[in-house]
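Structure assessment
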Amino acid sequence: MTRTRAWHLADFHNHSCLSPCASLELSPSLLARQARGKGLKLLALTDHNAALNCPAFARACAREGVAPLAGIEASSREEVHVLCLFGSPEQALAFGERLLGLLPELPYDPEKLGDEAVVDEAENVLELCDRYLGAALDIDFDALCAEACGAGALVVPAHVDRPMFSVSSQLGFLPPGPYAAVEAMREPLPALCGGCAVISGSDAHVPEHVGRRAFEIDIDGEILEAAIVGAGAGGGAALRAGEELLAAVREAFDRKAVLPSWARGGA
C-alpha cells in the first residue's frame with residue numbers, strides 16, 4: 001500500500017491526575033479534549049513512574065479523534081527523567097509494573113505531596129494510589145534506558161536542557177544510549193542531542209499547558225486514523241494499530257522529520 005505522509009501536530013510529554021504534581025482537574029479525558037482543541041493529532045500520556053491512566057487515555061483519545069501513545073516519565077536513580085513511549089496501554093502497564101518494584105516505599109502524605117488518582121474515561125475515580133510515584137527509581141539512567149528499550153519503548157531523554165531532572169543537570173552530559181529522540185525546552189546544544197532528532201514537549205501538569213510546546217511530525221495520516229479506530233475498538237486491533245503507529249514514529253525520528261516548537265516559531 002502506498003502511504004502518503006503529511007505534517008501533524010504532536011505532543012509526547014503530558015501528565016494526568018495520576019501524577020502527584022499534576023492538577024486533579026487534568027483527567028485523561030480532559031487532556032484529550034484539550035489536545036483536540038489545540039489541533040493536536042498525536043498525543044502521549046507520560047505520568048511519573050506509572051501508566052495506570054493509559055487505558056482511559058486511549059479510549060478518551062479515540063473519542064476525540066486523537067491518536068494515542070501510552071507512556072511513562074520514569075525517573076532514574078540520579079533523578080534524570082526519561083520518556084518511555086509504547087504503542088499500547090498493555091505494554092506501558094507491564095513496564096509500569098516493573099518500575100513499581102523499583103520504587104522506594106517512602107512515607108506518603110497526599111495532603112502534602114498530592115493525590116494520585118486512577119480514573120476511567122468518564123472521570124470516575126477508580127483508585128487513589130497510596131505509594132508516592134514521584135520518587136527516583138532504584139535503577140541508574142543507563143540501565144533504565146536499556147530496560148525501556150528492551151521492553152519495546154521509544155526512549156526519549158526528557159527536557160535535556162532543563163536545570164533540574166535532566167541529563168545536563170544531573171549527569172552533566174548525554175551518555176550514549178538507545179535513544180529514539182531527545183526532548184528539549186529550547187533549541188539545545190548539539191552535545192545534548194547525541195545526533196538524535198530533537199522534539200519539544202509541553203510537560204503539561206495543568207489543562208492550560210496542554211499543547212503549549214507541541215512539535216510537528218511528518219507521518220502518514222492513515223496510520224494515525226487506524227490508531228484512533230484501534231484505540232476505540234480495543235483488543236487485538238488496538239495492539240496492531242499501536243505497533244504500526246510506534247513504528248511510524250520511530251521511522252520519522254530516524255529521518256529527523258520533526259519540527260520542534262522553536263522551529264515552528266512558537267515558545
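Please refer to the structure higher up on the page.
Described in the following lines is the structure provided in the data block. Here the structure is a predicted model, which is why all the values come from computation and not from measurement.

**A short note on helix 8 (residues 235-255)**
Here helix 8 spans 31 Å end to end across 21 residues, near enough to the 30 Å set by a 1.5 Å rise per residue. Of all the positions in helix 8, only Ala238, Ala241, Gly242, Leu245, Leu246, Ala248, Val249, Ala252 and Phe253 are classed as buried. Buried residues along helix 8 cover an arc of 160° about the axis, so they all sit on one side. Exposed side chains of helix 8 directed beyond 90 degrees from the buried face belong to Arg240 and Asp254. Looking one or two places after helix 8, you find lysine 256, whose phi comes out positive at around 55°.

**A few points about the sheet that holds strand 7 (residues 154-157)**
Strand order in this open sheet of seven strands is 7-4-3-2-1-10-11, and the pairing throughout is mixed. Among the strands making up the open sheet, the edge pair consists of strand 7 and strand 11 (258-259). Relative to strand 2 (residues 42-48), strand 1 (residues 5-11) runs parallel, the two sharing two bridges. Looking across to strand 2, one finds that aspartate 11 is bridged to leucine 43. The strands touched by helix 3 (residues 89-100) are strand 3 (67-75) and strand 4 (81-86); relative to strand 3, the strand with the most contacts, the crossing angle is about 10°. In the packing of helix 8 onto the sheet, contacts are made with strand 1, strand 2, strand 3, strand 4, strand 7, strand 10 (215-220) and strand 11, and the angle to strand 10 comes to roughly 115°.

**Some words on the packing of helix 7 (residues 221-233) against helix 8**
Axis separation between helix 7 and helix 8 bottoms out at 7 Å; the angle between their running directions is 150°. With respect to each other, helix 7 and helix 8 are oriented roughly antiparallel. Between helix 7 and helix 8 lies a crossing whose hand is left-handed. The residues of helix 8 that touch helix 7, namely those facing Ile223, Leu224, Ala226, Ala227, Gly230, Ala231 and Ala233, are Gly235, Ala237, Ala238, Ala241, Glu244, Leu245 and Ala248. Of the residues in the contact of helix 7 with helix 8, the class split is 11 nonpolar, two polar and one charged.

**Quick notes on the pairing of strand 10**
Here strand 10 lies mainly inside the structure; five of its six residues are buried. In the sheet, strand 1 pairs with strand 10 via six bridges, with the strands oriented antiparallel. Residue alanine 6 lies in a different strand from strand 10, and its bridge partner there is isoleucine 219. The sheet contact formed by strand 10 and strand 11 spans two bridges and is antiparallel. Directly across from glutamate 216, in strand 11, lies its bridge partner leucine 259.

**Here we look at the side chain of glutamate 73**
Looking at the element boundaries, glutamate 73 is found in strand 3. For the buried glutamate 73, which has no salt bridge, the nearest side chain bearing the opposite charge is arginine 162, at an N-O separation of 6.2 Å. A distance of 3.4 Å separates the side chain of glutamate 73 from the side chain of histidine 159, its partner in a polar contact. Beyond its immediate chain neighbours, meaning those up to four positions away, glutamate 73 contacts His13, His15, Thr46, Asp47, His48, Asn49, His81, Val82, Leu83, Ala158, His159 and Asp203.

**Structural notes on the nonpolar core**
Formed by 54 residues in total, the largest nonpolar core has its most connected members in Leu43, Cys84, Phe95, Leu99, Leu137 and Leu144. Residue assignment for this core shows that the elements contributing at least two residues are helix 1 (28-37), strand 2, helix 2 (54-64), strand 3, strand 4, helix 3 and helix 5 (141-150). Those residues in contact with cysteine 84 that lie beyond four places of it in its chain are Ala70, Gly71, Ile72, Ala74, Phe95, Ala148, Ala153 and Leu154. Residues Leu85, Leu154, Ile223 and Leu245 belong to the second largest nonpolar core, which totals 29 residues.

**Comments concerning the packing of aromatic side chains**
Tallied over the full model, the rule gives five aromatic pairs. On the numbers, 6.2 Å between centres and 40° between planes, the contact of phenylalanine 141 with tyrosine 179 is tilted. You can see phenylalanine 141 sitting in helix 5 and its partner tyrosine 179 sitting in the loop between helix 6 (167-170) and strand 8 (181-183), a full 38 residues away along the chain. Given a relative accessible area of 12%, tyrosine 179 falls into the buried group. Grouped by ring-pair contacts, the aromatic residues Phe12, Phe215 and Phe253 constitute a single cluster.

**Brief notes about the environment of isoleucine 217**
Along the polypeptide, isoleucine 217 turns up in strand 10. When its relative accessible area of 0% is taken as the criterion, isoleucine 217 is described as buried. Sequence-distant contacts of isoleucine 217, defined by excluding residues within four places in its chain, comprise Ala6, Trp7, His8, Ala10, Leu42, Val249, Ala252, Phe253, Ala257 and Val258.

Analysis parameters
- Residues numbered from 1 in each chain as written.
- Predicted model: local features only at pLDDT ≥ 70, side-chain atom pairs only at ≥ 80, totals over all residues.
- Heavy atoms only, no water.
- Helix = DSSP H or I, 4+ residues; strand = E, 2+ residues; numbered from the N terminus.
- Expected span 1.5 Å × (residues − 1).
- Buried < 20%, exposed > 50% of the residue type's maximum accessible area, 1.4 Å probe, protein only.
- Arc of directions from axis to C-beta.
- Pairing = 2+ DSSP bridges.
- Contact = heavy atoms within 4.5 Å.
- Axes fitted to C-alpha atoms, helices over the stretch in contact; angles between N-to-C directions.
- Parallel < 35°, antiparallel > 145°, perpendicular 65-115°, else oblique.
- Left-handed = near helix turned anticlockwise from the far one by under 90°.
- Nonpolar A, V, L, I, M, F, W, Y, C, P; charged D, E, K, R; others polar.
- Lys, Arg positive; Asp, Glu negative; His and termini not counted.
- Salt bridge = Lys/Arg side-chain N within 4 Å of Asp/Glu carboxyl O.
- Polar contact = N/O pair within 3.5 Å; in protein donor to acceptor, adjacent residues only side chain to side chain.
- Core = buried A, V, L, I, M, F, W, Y, C linked by side-chain atoms within 4.5 Å.
- Phe/Tyr/Trp six-rings, centres within 6.5 Å; stacked < 30°, edge-to-face > 60°.

Worth remembering: the numbers are spatial, not functional.
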